[in-house]
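Chain by chain, the residues run as shown.
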Amino acid sequence: MRTRLPIKAKVAIVTAALTFVILSLFATVIGALAEQRITDGFEDDLRATAADLQDQINLERSGPLTFRLTAEDRDLLRAAAVGGAILRVVDVGGRVAYATSARDLGPPIDGVTDAGDFRVVSEQLVVPDVETEGTFDPIPQGVTRAVGWLQYAETEASVQTTINRVRLFLGFGVLGGTALAFLGGLLVARRAMRPISGLTRAAREVARTRDPDVRLPKPLAH
């Protein structure tokens, strides 16, 4: 036998369903925007850190396109790797001159790239260029020559953890809002149906006792 739901329950269910749809759409839009902002912020931090390291490195030129890392450079790169970051210095021929990890970060490419679960930023390393004129001594010309790349990489695990927390927060918000809408719908429906319930009870009493003098309840004025 099919069970009919009370009107109060139907009103509450419809209210909760509409609220769920609205909150779900809202959470989807807000979640997408938040995830994009988190990802963009992570990549901006990568670029800023790589650029800062690029400025602090002082390479020693050992040939037209070769260089040596100073002891200070190595200490700087080791310190920057604390916390799980990976750093590599690659020359123009693609050979790794220094690395804080054996993990392959791929070829150096301008911008942000992926290497497994790592995001990688590559910055060019340059040294002052020196040209000669005839038999005179080398004269600095105030220009630079690219001799290699600095690659800085961090795992995306921290970003994904933050995104998962945002999704969890939004999910709880949708479920909590839906539950509140259901309870609110029940209260509103119960209040609205109270006069009708009184009339229904009085009509049943008249039908049971066959007494036409039974007084019907008057609705409360608000």
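This text goes with the structure placed above it.
Remember, it's a predicted structure, so these values are computed and weren't measured experimentally.

## A word on the overall build of the protein
Within the protein, the secondary structure is distributed over three helices and seven strands. Listed N to C, the secondary structure of the protein is α-β-β-α-β-β-β-β-β-α in terms of helices and strands. Surface exposure of the protein reaches about 15,000 Å², of which carbon and sulfur atoms provide 60%.

## A word on the environment of Ile57
Mapped onto the elements, Ile57 comes out in the loop between α1 (7–56) and β1 (60–61). Setting aside anything within four residues of it in sequence, one finds Ile57 in contact with Leu69, Asp73, Leu76, Leu77, Leu125 and Leu150.

## Section: a nonpolar patch on the surface
On the surface, Phe20, Val21, Leu25, Leu168, Phe172 and Leu175 cluster together to form a nonpolar patch covering roughly 630 Å² of accessible area. Inspection of the secondary structure assignment puts Leu25 in helix α1. Classification of Leu25 as exposed rests on a relative accessible area of 58%.

## Notes on helix α2 (residues 71–80)
The complete set of buried residues in α2 reads Asp73, Leu76 and Leu77. Within α2, the buried residues cover an arc of 95° as seen down the axis, which keeps them to one side. Opposite the buried face of α2, by more than 90 degrees, sit the exposed residues Ala71 and Glu72.

## Quick look at the pairing of strand β3 (residues 86–91)
With respect to burial, β3 is a largely interior element, six of its six residues being buried. Of the two faces of β3, the one holding Ile86, Arg88 and Val90 and the one holding Leu87, Val89 and Asp91 are both buried throughout. Hairpin connection from β3 to strand β4 (residues 96–99): four residues lie between these consecutive antiparallel strands, with Gly94 at a positive phi of about 90°.

## Observations regarding α1
When the terminal C-alpha atoms of α1 are compared, their 72 Å separation across 50 residues agrees well with the 74 Å that a helix rising 1.5 Å per residue should span. Buried residues of α1: Ala9, Ala12, Ala16, Ala27, Gly31, Phe42, Glu43, Leu46, Ala50 and Leu53, and no others.

## Observations regarding the nonpolar core
Grouped together as the largest cluster of nonpolar side chains are 24 residues, with contacts concentrated most on Ile57, Leu59, Leu77, Val89 and Leu150. At the level of elements, α1, α2, β3, β6 (118–131), β7 (139–155) and α3 (157–209) are the ones that each hand at least two residues to this core. A per-element tally of this core places α1 first, with four residues. By size, the runner-up hydrophobic cluster in this structure holds six residues, among which are Ile86, Leu105, Phe118 and Ala153.

## Here's the deal with the pattern of salt bridges
For the structure shown, the criterion picks out 10 salt bridges. Across the pair Asp44 and Arg47 runs a salt bridge whose closest N-O atoms are separated by 3.5 Å. Within this pair, Asp44 and its partner Arg47 are both found in helix α1, separated by three residues, close to a single helical turn. On the accessibility criterion, Arg47 (35% relative accessible area) is partly exposed.

## As for the environment of Thr19
Inspection of the secondary structure assignment puts Thr19 in helix α1. It is 8.5 Å that separates the C-alpha atoms of Thr19 and Val174, two residues lying 155 residues apart in sequence. Excluding residues that lie within four positions of it along the chain, Thr19 makes contacts with Gly177, Thr178 and Ala181. Within polar-contact distance, the side chain of Thr19 engages the backbone oxygen of Thr15 at 2.8 Å.

## Regarding the side chain of Gln151
Inspection of the secondary structure assignment puts Gln151 in strand β7. There is a polar contact of 2.8 Å between the side chain of Gln151 and the side chain of Arg88. Setting aside residues up to four positions removed in sequence, Gln151 forms contacts with Ile86, Leu87, Arg88, Val90, Leu105, Gly106, Pro107, Pro108, Val120, Val121 and Ser122.

The rules we used
Residues numbered from 1 in each chain as written. Predicted model: local features only at pLDDT ≥ 70, side-chain atom pairs only at ≥ 80, totals over all residues. Heavy atoms only, no water. Helix = DSSP H or I, 4+ residues; strand = E, 2+ residues; numbered from the N terminus. Areas by Shrake-Rupley, 256 points an atom, 1.4 Å probe, with all protein chains shown as cover. Contact = heavy atoms within 4.5 Å. Patch = residues over 30% accessible without salt bridge, like charges linked within 9 Å, V, L, I, M, F, W, Y side chains within 5 Å. Salt bridge = Lys/Arg side-chain N within 4 Å of Asp/Glu carboxyl O. Buried < 20%, exposed > 50% of the residue type's maximum accessible area, 1.4 Å probe, protein only. Arc of directions from axis to C-beta. Pairing = 2+ DSSP bridges. Expected span 1.5 Å × (residues − 1). Core = buried A, V, L, I, M, F, W, Y, C linked by side-chain atoms within 4.5 Å. Polar contact = N/O pair within 3.5 Å; in protein donor to acceptor, adjacent residues only side chain to side chain.

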